Amino acid sequence: MNQIVLEHVTKSFTTKSLGTVVAVRDFNLSVKKGECFSFLGPSGCGKTTTLRMIAGFEDLSEGSIYLGGRLVSDKRKNIYLPPEKRELGMVFQAFAVWPHLNVYENVAFPLKVKKRPHSEIKKRVALALHHCDLDGLEKVYPSDLSGGQQQRIALARAIVVNPDVMLLDEPLSNLDPHLRESMRFEIKRLQKEFGFTIIFVTHDQAEAMALSDRMLVMDMGNIQQIGTPQELYHKPVNRFVHSFLGQSNFTDVVIRDGKAFLKEDESNLLFSGTSLDLKGDYVMATRPNAIDLNRQDGYKTTILKRTSKTDFMEYLVSVGKGSIMVQTPHRNFFRAGDPCFIKIKDPAWYKPEKKDIEEERERRNTI
Ligand code: ATP
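Below is a summary of the structure that appears in this document.

Thresholds, definitions, all that
Residues numbered from 1 in each chain as written. Predicted model: local features only at pLDDT ≥ 70, side-chain atom pairs only at ≥ 80, totals over all residues. Heavy atoms only, no water. Axes fitted to C-alpha atoms, helices over the stretch in contact; angles between N-to-C directions. Helix = DSSP H or I, 4+ residues; strand = E, 2+ residues; numbered from the N terminus. Parallel < 35°, antiparallel > 145°, perpendicular 65-115°, else oblique. Left-handed = near helix turned anticlockwise from the far one by under 90°. Contact = heavy atoms within 4.5 Å. Nonpolar A, V, L, I, M, F, W, Y, C, P; charged D, E, K, R; others polar. Pairing = 2+ DSSP bridges. Near = heavy atom within 4 Å. Polar contact = N/O pair within 3.5 Å; in protein donor to acceptor, adjacent residues only side chain to side chain. Areas by Shrake-Rupley, 256 points an atom, 1.4 Å probe, with all protein chains shown as cover. Phe/Tyr/Trp six-rings, centres within 6.5 Å; stacked < 30°, edge-to-face > 60°. Buried < 20%, exposed > 50% of the residue type's maximum accessible area, 1.4 Å probe, protein only. Lys NZ or Arg CZ within 6 Å of the ring centre and 35° of its normal. Salt bridge = Lys/Arg side-chain N within 4 Å of Asp/Glu carboxyl O. Core = buried A, V, L, I, M, F, W, Y, C linked by side-chain atoms within 4.5 Å.

**A short note on the packing of helix H2 (residues 103–113) against helix H4 (residues 147–159)**
Viewed as axis vectors pointing N to C, H2 and H4 meet at an angle of 30 degrees, and their least axial separation amounts to 7 Å. Judged by the inter-axis angle, H2 sits roughly parallel to H4. For H2 against H4, the interelement crossing comes out right-handed. Packed against H2, whose contacting residues are Val103, Asn106, Val107 and Pro110, the element H4 presents Ile153, Ala156 and Arg157 at the interface. Here the residues of the contact of H2 with H4 are counted per class, giving five nonpolar, one polar and one charged.

**Some remarks on the pairing of strand S13 (residues 259–262)**
Note on strand geometry: in a regular strand, side chains alternate between the two faces of the sheet. With four bridges joining them, strand S12 (residues 249–256) and S13 adopt antiparallel strand pairing. Each residue of the ladder has a partner; that of Val253, found in S13, is Leu262. Connecting the antiparallel pair S12 and S13 is a turn made up of two residues, with Asp257 showing a positive phi of about 50 degrees. Pairing analysis gives four bridges linking S13 to strand S14 (residues 265–272), with the strands arranged antiparallel. Along S14, the bridge assignment pairs Ala260 with Phe271.

**What about the site of the ligand?**
Taken together, 14 residues surround the ligand, and among them Ser43, Gly44, Lys47, Thr48 and Thr49 come closest. Here Thr48 contributes a side-chain N or O atom positioned 2.7 Å from an oxygen atom of the ligand. At 2.5 Å from an oxygen atom of the ligand is found a side-chain nitrogen or oxygen belonging to Thr49. Relative to its unbound accessible surface of 630 Å², the ligand loses 70% to contact with the protein. Elements represented by at least two residues in the shell around the ligand include exactly strand S1 (2–15), strand S2 (19–32) and helix H1 (47–55).

**Looking at the packing of aromatic side chains**
According to the stated counting rule, one finds seven aromatic pairs in the structure shown. A ring pair is formed by Phe37 and Phe39, whose centres lie 6.1 Å apart and whose planes are at 85 degrees; its orientation type is edge-to-face. Both residues of the pair, Phe37 and Phe39, belong to the buried class. The positively charged end of Arg157 is found above the aromatic ring belonging to Trp98, 4.4 Å away from the centroid. Seen from the ring of Phe334, Arg295 lies directly overhead, with NZ or CZ sitting 4.1 Å from the centre.

**What about the sheet that holds strand S7 (residues 88–92)?**
Here six strands make up an open sheet; going across it, the order is S7-S8-S9-S3-S10-S11 and the pairing mixed. For this open sheet the edge positions go to S7 and strand S11 (222–227), each flanked by a neighbour on one side alone. Strand after strand, the sheet turns through a mean of 15 degrees between neighbouring axes, direction not considered. For strand S8 (residues 165–169) and strand S9 (residues 197–202), the ladder comprises five bridges, and the chain directions are parallel. Opposite Met166, over in S9, you have Ile198 as the bridge partner.

**Re the pattern of salt bridges**
Per the stated rule, a full pass over the model turns up 13 salt bridges. One salt bridge connects Glu58 with Lys11, and the closest N-O pair in it is separated by 4.0 Å. Of the two residues, Glu58 is situated in the loop between H1 and strand S4 (62–67) and Lys11 in strand S1; the sequence distance between them amounts to 47 residues. By sharing partners, the salt bridges in this structure join Lys11, Arg52 and Glu58 into a single network.

**What to know about the nonpolar core**
Among the nonpolar cores identified, the biggest contains 34 residues, and Val107, Val125, Leu155, Leu168 and Ile198 are the most heavily contacted of them. Broken down by secondary-structure element, the contributors of at least two residues to this core are H2, helix H3 (118–131), H4, S8, helix H5 (177–194) and S9. Not counting residues up to four positions away in its chain, the partners in contact with Leu155 are Val91, Cys132, Leu168, Met183, Ile187 and Leu190. Counting residues in each nonpolar core, the second largest holds 29 residues, with Val31, Leu67, Leu88 and Ile199 among its members.

Now the structure itself:
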């Protein structure tokens with residue numbers, strides 16, 4: 001069953017200084033019950049606006065939203081269910097715990113708003129605190145607790161209403177890397193325990209890949225691709241998605257007769273393959289860990305730089321006026337200045353991006 005459905009959802013903002021910005025454009029999405037689904041994309045791409053529309057904090061400009069089969073927002077039918085009636089749990093980055101309330105009062109708050117009986121509130125808060133490992137801290141104020149504990153208060157406050165859907169907007173961004181890791185684990189554990197559906201908003205691709213059953217990548221209000229983390233990493237549909245997940249090299253090439261030549265020097269053959277049946281200007285996209293660096297086979301070049309990483313060596317090799325990054329196991333050993341060959345495996349090919357797209361992205365980044 002689909003727990004969350006968005007149909008043709010669009011949201012525009014008009015401001016005096018910037019005119020109209022379409023924050024979310026014709027957004028169509030179905031998230032299954034119990035799924036952990038992430039929204040990934042750069043700053044300003046529309047992730048939070050979409051989440052706010054699902055939560056009911058933001059009206060739509062067009063389209064409809066269903067939660068658990070119930071129509072909760074529809075512009076044309078003039079339907080708009082307020083947030084407190086949507087049965088959601090929320091942990092927003094900017095929606096921190098209240099400093100003037102102690103742990104118990106913070107977690108009890110959503111139930112008090114719902115005017116639940118005192119005995120029920122007591123029972124449910126105790127359970128939520130227990131699940132978030134906060135037993136015994138009822139009377140403590142948030143300022144006396146660590147960042148991780150404060151985040152767990154926010155989680156407890158979200159699960160106390162027993163939500164069908166949990167909306168998490170960058171909930172871990174204020175935590176140090178170690179705590180982030182353990183909170184990710186906590187979130188997954190709570191999801192298993194309570195069976196809620198999660199929408200998780202993040203900039204952090206590693207976080208999205210670790211947590212999600214499926215995810216989407218957005219750019220300037222548009223969904224670029226929806227799929228499992230593996231699908232998005234291995235089969236990105238465009239350069240933008242390719243660049244957003246994992247590391248990438250992009251090289252401008254000209255393709256003719258099954259061969260890709262450097263764009264800046266068309267006599268310089270970079271890649272050839274029987275399956276390459278494209279023609280004209282393209283961008284060749286490669287993953288640094290999918291390039292074979294060796295001493296006799298492929299494109300002849302030189303090592304520009306070597307960096308030792310924990311599990312591999314990273315090399316920058318010269319390609320035309322630019323360079324390509326290669327990551328290899330430690331046993332392949334080269335020094336800066338050494339001649340070498342690279343063999344590119346399974347590259348992706350994308351049409352060069354239009355200039356106006358790049359300009360619009362720039363404009364939004366400055367907003
Ligand atoms: P971030 O990761 O930085 O939080 P985001 O992907 O969540 O970014 P949104 O906050 O959804 O992006 O913003 C999408 C676009 O809508 C941006 O261009 C933003 O400036 C614009 N926007 C969002 N809220 C408003 C508002 N209340 N008034 C005007 N413009 C807005």
